[in-house]
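So you can see what is in the structure, the chains are spelled out below.
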Amino acid sequence: MNFEPVIGLEVHAQLLTHSKMFCGCSADYAGAAPNTHVCPVCLGMPGSLPVINKTAVEYTILTALAFHCEIPEFAKFDRKNYHYPDLMKGYQISQYDLPLSRNGYILINDAGQQKNIRIRRVHLEEDTAKLFHVDGTSLIDVNRSGVPLMEIVSEPDMHSVEEARLYSLKLRQILRYLGVSSGDMEKGAMRFEANISLRPQGTTQLSATRVEIKNLNSLRAMMHATEYEIKRQSRILQAGGIVEQETMGWDEARGVTYTQRSKEEAHDYRYFPEPDLPRLEISRVWVSALRALLPELPDDKRERLVRDYGLSAYDADVITAEKQVADYYDRAVEAGKERGVDPKAIANWVTGELFRLMNDSSAEITQVKIAPAQIPALVALINKGTITTTIAKQVFEEMFRTGRDPEAVVKEKGLAVISDTGALAAIADRVIGENPKPVKDYLAGKEATLKFLVGQMMKATKGQANPTLAAELLTQKLLALKD
Ligand SMILES: [Zn+2]
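Procedures and definitions
Residues numbered from 1 in each chain as written. Predicted model: local features only at pLDDT ≥ 70, side-chain atom pairs only at ≥ 80, totals over all residues. Helix = DSSP H or I, 4+ residues; strand = E, 2+ residues; numbered from the N terminus. Rg over C-alpha atoms; globule rule 2.2 N^0.38 Å. Buried ≥ 20, exposed ≤ 12 C-beta atoms within 10 Å, placed from the backbone. Contact = placed C-beta atoms within 7 Å. Pairing = 2+ DSSP bridges. Axes fitted to C-alpha atoms, helices over the stretch in contact; angles between N-to-C directions. Domains from an automatic or database assignment. Nonpolar A, V, L, I, M, F, W, Y, C, P; charged D, E, K, R; others polar. Parallel < 35°, antiparallel > 145°, perpendicular 65-115°, else oblique. Left-handed = near helix turned anticlockwise from the far one by under 90°. Core = buried A, V, L, I, M, F, W, Y, C linked by C-beta atoms within 7 Å.

A. Quick look at the overall build of the protein. The secondary structure content of the protein amounts to 15 helices and 15 strands. The C-alpha radius of gyration of the protein comes to 32 Å, more than 25% above the 23 Å expected for a compact globule of 483 residues. Expressed along its principal axes, the backbone C-alpha trace of the protein runs to roughly 105 × 55 × 50 Å. For the protein, the proportion of its 483 residues judged to be buried stands at 34%. In the protein, the proportion of contacts linking residues at least 24 apart, taken out of those at least 6 apart, comes to 69%.

B. Focus on the sheet that holds strand β14 (residues 272–273). Strand order in the open sheet made by the three strands is β4-β3-β14, with antiparallel pairing throughout. Edge strands, defined here as strands with exactly one partner in the open sheet, are β4 (91–94) and β14.

C. Spatial organisation of helix α9 (residues 374–383). When we look at burial in α9, the residues that qualify are Q374, I375, P376, L378, V379 and L381. On its buried face, α9 sits against α7 (323–337), α8 (343–360), α10 (389–402) and α11 (406–412). Positive backbone phi, at 80°, marks G385, one or two positions downstream of α9.

D. Spotlight on the environment of V211. Mapping V211 onto the fold places it in strand β11 (residues 211–216). Once the C-alpha coordinates of V211 and E244 are considered, the two residues, 33 residues apart in sequence, prove to be 7.6 Å apart. With residues up to four places along the chain from it excluded, the contact list for V211 reads I196, S197, E229, Q233, V243, Q245, E246 and M248.

E. Representation of the sheet that holds strand β6 (residues 113–126). One open sheet holds the eight strands; their spatial order is β5-β6-β9-β1-β10-β11-β12-β13, and the pairing between them is mixed. Taken across any chain shown, the strands that pair with only one partner, and hence form the sheet edges, are β5 (101–110) and β13 (256–262). In this sheet, adjacent strand axes meet at a mean angle of 30° when their direction is disregarded. As defined by bridge partners, strand β10 (residues 190–200) adjoins β11 across four bridges and the pair is classed as antiparallel.

F. Structural detail: the pairing of β11. Note that β11 and strand β12 (residues 246–251) share three bridges and pair parallel. When the sheet's bridge partners are listed, V211 is paired in β12 with E246.

G. Focus on unusual backbone geometry. For N35, which is not glycine, the phi torsion reads 60° and is therefore positive. By the element assignment, N35 lies in the loop between β1 (3–14) and α1 (54–66). Not every positive phi belongs to a glycine, and R270 is a case in point at roughly 45°. One can find R270 in the loop between β13 and β14.

H. Representation of the pairing of β5 within the structure. Across nine bridges, the pairing between β5 and β6 is antiparallel. For S101, the partnering residue across the bridge sits in β6 and is V122. Where β5 folds back onto β6 in an antiparallel hairpin, the turn is made up of two residues, including A111, whose phi is positive at roughly 50°.

I. How the structure looks around the domain arrangement of the protein. Once the domains are mapped, the protein shows domain 1 (3–291), domain 2 (296–412) and domain 3 (421–482). Just the C-alpha atoms count here: the centres of domain 1 and domain 2 sit 38 Å apart. On the domain 2 side, the residues contacting the six residues of domain 1 number five residues. Here the side of domain 1 that touches domain 2 gets four residues from one element, more than from any other, and that element is helix α2 (residues 161–178). Its residues assigned to classes, the side of domain 1 that touches domain 2 shows four nonpolar, one polar and one charged.

J. Focus on the packing of helix α5 (residues 298–309) against helix α6 (residues 313–320). Remark: α5 packs on α6, axes separated minimally by 9 Å, with the N-to-C direction vectors making an angle of 140°. Taken as axis vectors, α5 and α6 run oblique relative to one another. For the element pair α5 and α6, the recorded crossing hand is right-handed. Between α5 and α6, the residues in contact are P298, K301, R302, L305 and V306 and A313, A316, D317, I319 and T320, respectively. Here the contact of α5 with α6 is composed, by residue class, of six nonpolar, one polar and three charged.

K. Representation of the nonpolar core within the structure. Core analysis: the largest hydrophobic core is formed by 68 residues, its most contacted members being A13, A64, L100, V122, Y167, A194 and I213. Within the second largest apolar cluster, 31 residues are counted, among which are Y328, I370, L378 and A392.

L. Spotlight on the packing of helix α14 (residues 449–460) against helix α15 (residues 467–482). Interaxial distance between α14 and α15 falls to 10 Å at its minimum, and their mutual angle equals 125°. Taken together, the axis directions place α14 and α15 in an arrangement best described as oblique. The way α14 lies across α15 gives a crossing that is right-handed. Contacts between α14 and α15 pair L450, L453, V454, M457 and M458 from the former with P467, A470, A471, L474 and T475 from the latter. For the contact of α14 with α15, the per-class residue count stands at nine nonpolar, one polar and no charged.

Structure follows, in structure tokens:
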């Protein structure tokens, strides 16, 4: 029998707020000395009281709106009780039955096939401290404790590792467009948990036994662990066995999942409402105001570039992958309007030469010295016949290096095509005077020598003579000699 995987993902994303979730400590702890971003609240001292970070709530609602979720009128925080050394209070403030949002979806595009992955809920909680295990000793850094953590829970709508990958990338892209999370997995700003079960291919039943894999700290780890787990469960089922419901961990070094807790050992978190925090009232006015703050999101942006500018789906994808690149492109197109520059030509320079040079120098778009308006300025020079496309690439490299205007580079380096008839005529006379043998041959009927003479003109002008005009002038002058 063939089996099909059923995958649900929980994504944890740290929010880019200035302060932590329930205290005034800075949430920007990356690179800070251990235990320097702490106070009685995030250290879990008895008697300290939490205060809700309004920005964290707004970022969560904004995200939920981008995922087309419903925002309820009320939400509350609850205590999730468990004991682990990284949990300072012995409980985590999270949300249980009244989360900030429910019932949304993220659209993914799997090789041209559009599919909605439903979002069950988006809620807010606090991050835990970080443990380090060094030479048989465990050390704790409380800087991370209390950093706002958004949890995005999908329905089990994914049926391949590829779908899980596309969903995760899309989710991350949206968070970065919103500016609510860096999504930086190397810094632990985005972590995954996967629920995996198998069902007979072609059925729609949901398996009662799901295996949960925790602590997947990168997209790669999530994909590898999911792939491994699908194979492991498949082997068990093919052999007529039964997959046990359990919580597993992922051993990155060995590339295997391992049992953390069986069903019998499952945690009872004994959730109860957080008595130190008020219930959250979410007015419709507040939600409308937040909705108005939503930027143009990747799907809409991509569609607009294809529809309004005639870009290929591929180019639109590449340009909208990162918001900063998309914004850069939009500004370039806007600046090109008055010069009548085709947005497609701008897209070619961005996805071609610009990306190539950025790649070669490991530069981010924010570090690029070429201003968006300078790209249509360069294209206009080609369109006017001031420079050839080959010369334009040289000019572009200089612009990338220095940030100077294309006109200035062309002028300073003398790269413009020479189309001045007077100047070229003088050069043509000189070339004829200096090459009596080829001239004689031409006049005797060997027309192929014209090519040689044009070549001499190109040489004299360092490749900048307008070649058609050069050939025309030479022909005229040679014919005049014949008469
Ligand atoms: Zn604190």
